[in-house]
Amino acid sequence: MSLTGVFFVFLFLPTAVIVYRLIPDKLRNLLLLLLSVFFIAWESPADIILIGLSITFNYFTALELDELRRANKSALNTLVLATGVAANAALLVFFKYIVFFMNSIGQITGTDFNFSVPAAPIGISFFTFSAISCLCDVSKGDEPALRNPIDFALYISFFGKITSGPIVKFRDMARPIKNRRMTADSVESGLKLFIIGLSKKLIIAGSLSRMFDAVRAEELSSMSALTAWLGALFYSLMLYYDFSGYSDMAIGLGRIFGFSFSKNFDHPYSSVSMTDFWRRWHISLGAWFRDYVYIPLGGSRASRQRVILNLSVVWVLTGLWHGANWTFVVWGLYHLALLLLEKFALKNVLSKIPSLCRSILTFLFAVIGWTIFFSDNITYAAVYLMRMFGIGGNGFADRTGIFYLTGGGILLTAAIFGSTPLLSRLGSKISDRENTLVQVCSTVFFALLLLGSTAFMISDTVSSFLYAKF
């Protein structure tokens, strides 16, 4: 089921909110779990079996880890944790990466393995990372295991976050699962955030998507630098509005039902360095890798060589997390190289550059990285980057580039402005003024956003979430 579908927005969600509000507190987690099962089974009933097996395995593993920790059996605790993490990783590798690995080996050895696997279950990366977070947190004693299987199953499968995150850590969600409140304020603020995310995804990302698709359809061999840069900009902003829009929707859904999920994006295109960028982009993924990979490997409290190794592991895994393709690995290594330059070689240089210049450079480096990200293969990425810098193709500008610039310039300018903190600051200042006129204008504004989003919904012109496949 799509969060941007008419059925979800106008039937599933309102029904869920009304029934949730009417039933006793002790039945609310069960209701959300049943709704989550229905949500997952809507398009792929078979996924329920695999997700159910994952929930069962991790539930009992977490209980065992809790008992071992309480009994101070550290060696056995470590063994069970390693086994649990390995089992979850094996599930992820089988469905997402085994074909990629086998094909890569086949290309090197000249062997055709003709290997295939069933389609990956919905949100496999997200529910697997949630499970690993639970095992690690329980093993370390950061949070006791959830004894109620309904509570645990809800943590893994909550429909608001299972398809595309954010990745909510166990220690941040375990207590609200057992004790939270739905209030009029939480419903109102959650619905507003949901509508904002919906409009970002449907209206802005959808419009940018059409522009990018048009550029992508152009012949790469004759593409000018202007056209190539416009395509990269369209994609970079589309990806931001698509994924940040979904995150807003998921966080808004959580807020409606009493959960408080942390923000997943913090205006990353206003960052003053790539280090700053990755503190603002997909915050939950970065925090997950920091807490469960980077720090356990030794983090920054080690020799320079060890720090470089630790970061390399994190960024290879970050690249692979996004997809089973060498372009994602190269994209991860690209960001690794930039971060290492900032951390070591340019550490004392960056502070001397004006912040505006640093923001522009960071944005451009991010855009260059996204060209690798959206490319089907390394060759296409290399040629596209050459076109961006005027190597080959149709020079630096041509009629095609000017056509896309005039046709999409206003959209591009508005999207760039909207990605900065300026618009949200203006909205906050206006909303802080509590008077009747502001309330009426706010109601009209969100009604128009919902109406516009509905128009895009009905027209069926919007692609599914880009991050759904991750």
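The preceding data block contains the structure.
Only a predicted model underlies this, so the values are computations on that prediction, with no experimental measurement involved.

## Things to note about the environment of I458
Part 1 of the reasoning: Residue position: I458 is located in helix α19 (residues 436–459).
Part 2 of the reasoning: Remark: the alpha-carbon pair of I458 and G427, spanning 31 residues in sequence, is separated by 28 Å.

## Focus: helix α8 (residues 170–178)
For an α-helix the count is 3.6 residues per turn, leaving residues at separations of three or four pointing the same way.
Part 1 of the reasoning: Looking at α8, one finds that the buried residues are F170, M173, A174 and I177. Projected onto a plane normal to the axis of α8, the buried residues spread over an arc of 115° and lie on a single side.
Part 2 of the reasoning: Taken together, the buried residues of α8 touch α2 (28–41), α6 (124–140) and α7 (149–157).

## Considerations on the packing of aromatic side chains
Part 1 of the reasoning: Enumeration according to the criterion identifies 57 aromatic pairs in this entry.
Part 2 of the reasoning: Relative to F373, the ring of W331 lies with its centre 5.0 Å away and its plane at 65°, an arrangement referred to as edge-to-face. Taken as a pair, W331 in helix α14 (residues 326–345) and F373 in helix α15 (residues 355–374) lie far apart in primary sequence, 42 residues in all. An identical accessibility class is assigned to W331 and F373; each is buried.
Part 3 of the reasoning: Across the ring face of W321, the terminal group of K96 is positioned such that the distance to the ring centre comes to 5.8 Å.

## A word on the pattern of salt bridges
Part 1 of the reasoning: According to the stated counting rule, one finds 18 salt bridges in the structure shown.
Part 2 of the reasoning: A salt bridge links R28 to D25; its shortest N-O distance comes to 3.2 Å.
Part 3 of the reasoning: Among the residues examined, R28 registers a relative accessible area of 9% and is labelled buried.
Part 4 of the reasoning: Two residues, K200 and D248, come together in a salt bridge whose shortest N-O distance is 2.9 Å. Pair noted here: K200 is in helix α9 (residues 184–216) and D248 is in helix α10 (residues 225–256), with a separation of 48 residues, a long-range link.
Part 5 of the reasoning: Given a relative accessible area of 15%, D248 falls into the buried group.
Part 6 of the reasoning: Where salt bridges share partners, they join D137, K140, D142, K169, R171, R290 and D291 into one cluster.

## Digging into helix α5 (residues 98–109)
Part 1 of the reasoning: For α5, built from 12 residues, the straight-helix expectation of 16 Å at 1.5 Å per residue is met to within 8% by its first-to-last C-alpha distance of 16 Å.
Part 2 of the reasoning: Along α5, the residues classified as buried are I98, F100, M102, S104 and G106.
Part 3 of the reasoning: Contacts from the buried residues of α5 go to α4 (74–96), α13 (304–322) and α14.

## Observations regarding the side chain of S244
Part 1 of the reasoning: With respect to the element layout, S244 can be found in helix α10.
Part 2 of the reasoning: Judged by its relative accessible area of 2%, S244 falls in the buried class.

## Some details on a nonpolar patch on the surface
Part 1 of the reasoning: Taken together, the side chains of F417, L422, L423, L426 and I430 present a nonpolar region at the surface, about 470 Å² in accessible area.
Part 2 of the reasoning: No other element matches helix α18 (residues 421–431), which puts 4 residues into the nonpolar patch.
Part 3 of the reasoning: Counting through the fold element by element, L422 comes out in helix α18.
Part 4 of the reasoning: The partly exposed category is assigned to L422, whose relative accessible area is 47%.

The rules behind the values
Residues numbered from 1 in each chain as written. Predicted model: local features only at pLDDT ≥ 70, side-chain atom pairs only at ≥ 80, totals over all residues. Heavy atoms only, no water. Helix = DSSP H or I, 4+ residues; strand = E, 2+ residues; numbered from the N terminus. Buried < 20%, exposed > 50% of the residue type's maximum accessible area, 1.4 Å probe, protein only. Arc of directions from axis to C-beta. Contact = heavy atoms within 4.5 Å. Phe/Tyr/Trp six-rings, centres within 6.5 Å; stacked < 30°, edge-to-face > 60°. Lys NZ or Arg CZ within 6 Å of the ring centre and 35° of its normal. Salt bridge = Lys/Arg side-chain N within 4 Å of Asp/Glu carboxyl O. Expected span 1.5 Å × (residues − 1). Patch = residues over 30% accessible without salt bridge, like charges linked within 9 Å, V, L, I, M, F, W, Y side chains within 5 Å. Areas by Shrake-Rupley, 256 points an atom, 1.4 Å probe, with all protein chains shown as cover.

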